[in-house]
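# Architecture at a glance
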Amino acid sequence: MFAVENGLQGDPRLQAISDAIRVIPHFPKTGIMFQDITTLLLDPVAFKHVVDIFVERYKHMNISLVAGVEARGFIFGPPIALAIGAKFIPLRKPGKLPGKVISEEYELEYGNDRLEMSVEAVKSHERALVIDDLVATGGTLSASINLLERAGAEVVECACVVGLPKFKGHCKLKGKPLYVLVEPSQLEEGLTF
């Protein structure tokens, strides 16, 4: 569900977030309208709005771990985890974590990839939030849910800053709710991710 569908309709913070995201046409390839959060990070007010809205949503849900998807989930996850009193777990690309890991392969809009997670990072029955910057197909978030559940966690929800309109309403990924702050800009010009 989008934030505007869940009590934040008309909240000026959502417009500030949307306005702070730069669109790069035809990157990384023709037909892609890349949603660049770099400009959002350069705007401390808009960046704080992102963190604040997520913290407001999750502070009373008894979440004990926030899992951030490499790489942009690493930007939003830690401040949210600290604010709600949870630990942060990085979900990494292959070969980036030491020790024993479990992995999950998934499909992207333009190929396949894999995520890994340290098996020591999760305790059975911990309540987890998965965070990333954007959801286009749901493949990365679904792989994240699989990893956490295989380790014994209970995934409460997935959260993204930007999400395609097809995720409006009470959308679920692998049975888990999805919460999105804003829609992509300039969607009509091509694919977006």
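The numbers attached to residues start from 1 for each chain and follow its sequence in the written order. Totals for whole chains, interfaces and linings use all residues, but because this is a predicted model, local features are given only for residues with pLDDT of at least 70 and pairs of side-chain atoms are given and counted only at 80 or more. Note that the side-chain values use all heavy atoms of the structure and ignore hydrogens as well as water.

## As for the overall build of the protein
Only runs of H or I of at least four residues qualify as helices and only runs of E of at least two qualify as strands under DSSP, and these elements are numbered from the N terminus. Scanning the protein for helices and strands turns up five helices and eleven strands. Expected size for 193 residues packed as a compact globule is a radius of gyration near 16 Å; at 16 Å, the protein falls within 12% of this value. For the C-alpha atoms alone, the extent of the protein along its principal axes is close to 40 × 40 × 30 Å. Note on contacts: a residue pair qualifies if any of its non-hydrogen atoms lie within 4.5 Å across the two residues. A separation of at least 24 residues holds for 62% of the contacts in the protein among residues at least 6 apart in sequence. Per-residue and other accessible areas were derived by the Shrake-Rupley procedure at a 1.4 Å probe size, with only the shown protein chains allowed to occlude residues. Summing over all exposed atoms, the protein offers an accessible surface of approximately 8900 Å²; the carbon and sulfur share of this is 53%. Seen as two clouds, the 21 positive and the 24 negative side-chain charges of the protein have centres 5 Å apart. The globule rule used for comparison is 2.2 Å times the number of residues to the exponent 0.38, while the radius of gyration itself is calculated over C-alpha atoms. By the counting scheme adopted, Arg and Lys are positive, Glu and Asp are negative, and His together with the chain ends is not counted. Charged groups are reduced to one reference atom each: NZ for lysine, CZ for arginine, CG for aspartic acid, CD for glutamic acid.

## Section: the sheet that holds strand β9 (residues 172-173)
Strand order in the open sheet formed by six strands is β4-β3-β7-β8-β10-β9, with mixed pairing between adjacent strands. Both outer strands of the open sheet, β4 (87-91) and β9, are each paired with one neighbouring strand and no more. Relative to strand β8 (residues 154-163), strand β7 (residues 127-135) runs parallel, the two sharing eight bridges. Within the sheet, the bridge partner assigned to Ala-128 lies in β8 and is Val-155. Angles run from 0 to 180 degrees between N-to-C directions of axes, and those axes are lines fitted to C-alpha atoms, restricted for helices to the stretch in contact. Against the sheet, helix α5 (residues 139-150) touches β3 (65-69), β4, β7, β8, β9 and β10 (176-182), its axis set at about 160 degrees to β7. Should DSSP find at least two bridges between two strands, the strands are regarded as paired.

## Quick look at the side chain of Glu-116
Of note, Glu-116 is situated in strand β6 (residues 111-118). Of the polar contacts made by the side chain of Glu-116, one reaches the side chain of Arg-114; its length is 3.4 Å. Apart from residues no more than four positions distant in its own chain, Glu-116 is found in contact with Pro-90, Leu-91, Arg-92, Lys-93, Pro-94, Gly-95, Lys-96, Leu-97, Val-101, Ile-102, Ser-103 and Leu-147. Polar contact is the term for a pair of N or O atoms within 3.5 Å; when the atoms are in protein, one must be able to donate a hydrogen and the other to accept it, and sequence-neighboring residues count only if both atoms are side-chain atoms.

## What to know about the pattern of salt bridges
A side chain with one charge can pair with a side chain of the opposite charge if their charged atoms come near. Salt bridges are counted wherever a side-chain nitrogen of Lys or Arg sits within 4 Å of a carboxyl oxygen of Asp or Glu. A complete count under the given rule lists 13 salt bridges for this structure. Across the salt bridge formed by Arg-13 and Asp-11, the nearest N and O atoms sit 2.8 Å from each other. Each member of the pair, Arg-13 as well as Asp-11, is classed as buried. Put simply, Lys-48 and Asp-52 hold a salt bridge, and the shortest N to O gap is 2.7 Å. A residue pair is termed a helical-turn pair when its members lie 3 or 4 positions apart in one helix, as Lys-48 and Asp-52 do in helix α3 (residues 44-58) at four residues. Accessibility here uses a 1.4 Å probe with only protein chains present; expressed as a share of the type maximum, an area under 20% marks a residue as buried, one over 50% as exposed, and anything in between as partly exposed. For Asp-52, a relative accessible area of 24% puts it in the partly exposed group. What you see here is one network of salt bridges that share partners, running through Asp-11, Arg-13 and Glu-56.

## A closer look at helix α4 (residues 73-84)
Helices are assigned an expected span. That span is 1.5 Å times one less than the residue count. In this model α4 runs 16 Å from its N-terminal to its C-terminal C-alpha over twelve residues, within 8% of the 16 Å that 1.5 Å per residue would give. For α4, the set of buried residues is Gly-73, Phe-76, Gly-77, Ile-80, Ala-81 and Ile-84. Mapping the buried residues of α4 onto a view down its axis gives an arc of 125 degrees, with all of them on the same face. Where the residues of α4 are buried, they touch α2 (38-41), α3, β3, β4, β7 and β8. In the segment just after α4, Gly-85 is the residue with positive phi, at about 75 degrees. By arc we mean the arc of the directions from the helix axis to the C-beta atoms, nothing more.

Honestly, it's all geometry; don't read function into it.
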